[in-house]
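Listed below, chain by chain, are the residues.
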Amino acid sequence: METLGTPAFERVRRLIRDIAGISLSPTKLTMAANRLSPRLQATGRGDFANYLDLVEAPDSAERVHFVNALTTNLTSFFREPHHFPILVEHLRRRAPGPAPIIWSAACSTGEEPYSIAMALSEAGLGAARIIASDLDTEALETASAGVYAMQRAESLGEARLRRFFLRGDGRQRGHVKIRPEIAAMVEFRHINLCAPRWPVQGPLAAIFCRNAMIYFAKPTQLEVLARFRPLLAGAGLLFAGHSENFHYLAGHLLRARGGTVYEPLE
């Protein structure tokens with residue numbers, strides 16, 4: 001494997017910060033080398049310096065692969081399960097009006113938005129619309145396909161498996177696929193949270209952005225939260241990850257409700 005030296009690694013850290021807002025730890029040199037080496041080979045670049053020249057080139061198509069290689073996709077169905085009853089109760093308390101819109105802003109391979117759709121369907125709130133987005137295009141392809149190894153879904157229990165999934169046979173044996181009526185509730189989009197514009201309009205009933213901003217530097221976290229705030233339109237909720245705490249960053253934007261759930265300050 002080609003060696004990723006310190007100067008090239010510092011370029012990697014700068015590029016992923018500038019493109020995606022990710023603050024890559026100085027201790028992650030080996031991880032970066034392991035993840036980027038396949039792209040070095042695929043592009044035929046002789047060393048990391050030449051490869052990064054390609055990434056930095058104007059309108060470079062390689063930037064997508066560079067970002068995909070360095071992003072982390074750890075997720076599961078009904079992860080942090082306490083959030084889903086809170087969302088259901090929140091939607092039930094809403095005043096009558098248009099169908100609520102929920103944004104899963106770091107949806108990874110799709111387990112989160114499909115879990116939201118399942119929870120809402122169980123609660124009789126299947127008219128809701130879910131926008132699911134991620135930076136990683138490969139993860140989004142998996143998410144939009146809605147096909148998972150059976151072991152990824154077994155924890156849901158037999159009743160949910162029968163209600164919300166189709167079981168594969170033949171070449172697809174050992175896999176399950178999200179049923180069309182659940183898939184129809186979710187619209188997938190490629191969105192970079194550090195992009196100057198998001199193709200999402202409020203008001204939103206809720207935003208799920210869980211365990212994504214832990215990879216952002218604090219100024220980037222604050223910028224993203226400030227842009228979330230107007231989309232929540234006074235009554236929406238922000239669901240954060242268990243390892244994220246925005247009290248010190250967003251006291252003038254959001255108020256903690258407990259359970260890593262936040263609501264806008266008036």
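Going by the structure above, here's the rest.
Summary of the structure given here.

As for the side chain of H90
Inference 1: Along the chain, H90 falls in helix α5 (residues 83–92).
Inference 2: In this structure H90 comes out as buried when scored by relative accessible area, which is 12%.
Inference 3: Of the polar contacts made by the side chain of H90, one reaches the backbone oxygen of A205; its length is 3.0 Å.
Inference 4: What H90 contacts, discounting residues up to four positions off in sequence, is A205, A235, G236 and L237.

Some remarks on the packing of helix α1 (residues 6–20) against helix α3 (residues 48–56)
Inference 1: Running from amino to carboxyl end, α1 crosses α3 at an angle of 20°, the nearest separation of the two axes being 10 Å. With respect to their mutual orientation, α1 and α3 come out roughly parallel. Helix-helix and strand crossings are classified by hand; for α1 and α3 the assignment is left-handed. Contacts between α1 and α3 involve A8, R11, V12, R14 and L15 from the first element and F48, A49, L52, D53, V55 and E56 from the second.
Inference 2: For the contact of α1 with α3, the per-class residue count stands at seven nonpolar, no polar and four charged.

Re the pattern of salt bridges
Inference 1: This model, assessed by the stated rule, comprises 17 salt bridges.
Inference 2: The partner of D18 in a salt bridge is R14, and the shortest N-O contact between them spans 3.9 Å. Residue D18 and its partner R14 are both found in helix α1; the two are separated by four residues, about one turn of the helix.
Inference 3: We note a salt bridge from R129 to E187, for which the minimum N-O separation is 3.4 Å. Residue R129 is found in strand β2 (residues 129–134), and its partner E187 is found in strand β6 (residues 186–190); the two are separated by 58 residues along the sequence.
Inference 4: With a relative accessible area of 34%, R129 lands in the partly exposed category.
Inference 5: By relative accessible area, E187 is classed as partly exposed at 33%.
Inference 6: Through salt bridges with shared partners, a single network forms among R11, R14, R17, D18, D53 and E56.

Rules used in this analysis
- Residues numbered from 1 in each chain as written.
- Predicted model: local features only at pLDDT ≥ 70, side-chain atom pairs only at ≥ 80, totals over all residues.
- Heavy atoms only, no water.
- Helix = DSSP H or I, 4+ residues; strand = E, 2+ residues; numbered from the N terminus.
- Buried < 20%, exposed > 50% of the residue type's maximum accessible area, 1.4 Å probe, protein only.
- Polar contact = N/O pair within 3.5 Å; in protein donor to acceptor, adjacent residues only side chain to side chain.
- Contact = heavy atoms within 4.5 Å.
- Axes fitted to C-alpha atoms, helices over the stretch in contact; angles between N-to-C directions.
- Parallel < 35°, antiparallel > 145°, perpendicular 65-115°, else oblique.
- Left-handed = near helix turned anticlockwise from the far one by under 90°.
- Nonpolar A, V, L, I, M, F, W, Y, C, P; charged D, E, K, R; others polar.
- Salt bridge = Lys/Arg side-chain N within 4 Å of Asp/Glu carboxyl O.

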